[in-house]
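# Geometric and topological summary
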Amino acid sequence: MPRDLLKFFTAIGCTGLLLSGWSDYNPNAVLDCEQAAFNLANNGTFNSLKLLSANMLRNENVKLLSVEAYQDSIRVILNLSDTRYSGNTLRNDSLHTGDYIFSLRNQYPDAGKVVIGVKNGKDYTFLSTDTSSITIREMDVANRNLSGSYYVETVNPVMKLSGVFSKVCFQSIQ
């Protein structure tokens with residue numbers, strides 16, 4: 001696993017710990033984002049999901065974005081790593097528009113990993129992602145929100161899911 005991806009997944013895993021010590025972090029800002037929409041397409045039907053969290057972190061020259069949405073029996077987690085930053089550009093709240101791709105066969109440095117969790121009793125079972133992509137279509141830096149789409153293929157069970165999101169607000173942690 002490339003070093004940048006290892007840093008990415010470590011940072012996402014530590015998000016909760018980092019947020020507990022952040023005095024200006026407001027988790028309600030994501031939940032109060034009135035125009036936000038997050039959908040999941042499955043077999044031609046669209047399901048609306050509720051946002052649980054959306055955070056942008058920075059690590060050396062990498063911006064990391066994690067968005068989590070859910071419905072009764074499913075969770076969708078978007079993990080995006082953008083490595084095209086240095087110096088002061090790392091501090092702004094923008095991401096490059098375009099495609100972020102993840103594949104088990106070819107680990108891209110600009111990863112767009114989508115993880116699907118399916119409810120199993122009280123807990124969620126997270127499926128192994130084979131291939132996924134996240135497309136950022138629009139960034140509103142002033143209001144800290146983004147719009148785009150995602151696609152994911154899982155293994156065991158094999159699933160192909162996609163969805164769109166619009167005006168999803170995120171917290172910026174620097």
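Residues numbered from 1 in each chain as written. Predicted model: local features only at pLDDT ≥ 70, side-chain atom pairs only at ≥ 80, totals over all residues. Heavy atoms only, no water.

### Describing the state of the cysteines
Counted by the stated rule, this structure contains 1 disulfide. Cys 33 shares a disulfide with Cys 169; S-S distance 1.9 Å. Across the S-S bond linking Cys 33 and Cys 169, the dihedral sits near 60°, which makes this disulfide right-handed. Within this pair, whereas Cys 33 is found in the loop between helix H3 (28-31) and strand E1 (37-42), its partner Cys 169 is found in strand E11 (residues 159-169), the two being separated by 136 residues in sequence. Look at Cys 169 and you get buried, because its relative accessible area is 14%. (Disulfide = S-S within 2.5 Å. Helix = DSSP H or I, 4+ residues; strand = E, 2+ residues; numbered from the N terminus. Buried < 20%, exposed > 50% of the residue type's maximum accessible area, 1.4 Å probe, protein only.)

### Some thoughts on the packing of aromatic side chains
Within the structure shown, the criterion is met by 3 aromatic pairs. With a centroid separation of 5.4 Å and an interplanar angle of 25°, the aromatic rings of Phe 38 and Tyr 150 are classed as stacked. With Phe 38 in strand E1 and Tyr 150 in strand E10 (residues 145-155), the pair connects residues that are 112 residues apart, well separated along the chain. Pairing Tyr 124 with Phe 126 gives two aromatic rings, centres 6.5 Å apart and planes at 35°, and the pair type is tilted. (Phe/Tyr/Trp six-rings, centres within 6.5 Å; stacked < 30°, edge-to-face > 60°.)

### Brief notes about the nonpolar core
Formed by 30 residues in total, the largest nonpolar core has its most connected members in Phe 38, Val 76, Leu 78, Tyr 150 and Phe 165. Secondary-structure elements contributing two or more residues to this core are E1, strand E3 (50-59), strand E4 (62-71), strand E5 (74-82), strand E7 (112-120), strand E9 (128-140), E10 and E11. Looking at this core element by element, the count peaks at 4 residues for E5. The residues contacting Phe 38, other than those within four sequence positions of it, are Asn 47, Ser 48, Leu 49, Leu 51, Val 67, Ala 69, Val 76, Leu 78, Tyr 150, Val 164, Phe 165 and Val 168. (Core = buried A, V, L, I, M, F, W, Y, C linked by side-chain atoms within 4.5 Å. Contact = heavy atoms within 4.5 Å.)

### What to know about the sheet that holds strand E6 (residues 98-103)
Pairing within the open sheet is antiparallel, and its 6 strands lie in the order E2-E1-E11-E10-E9-E6. Each edge of the open sheet carries a strand with a single partner, namely strand E2 (45-48) and E6. The sheet shows a mean angle of 15° between the axes of neighbouring strands, direction not considered. Direction of pairing for E1 relative to E11: antiparallel, over a ladder of 3 bridges. Bridge pairing in E11 places Ala 37 opposite Ser 166. (Pairing = 2+ DSSP bridges. Axes fitted to C-alpha atoms, helices over the stretch in contact; angles between N-to-C directions.)

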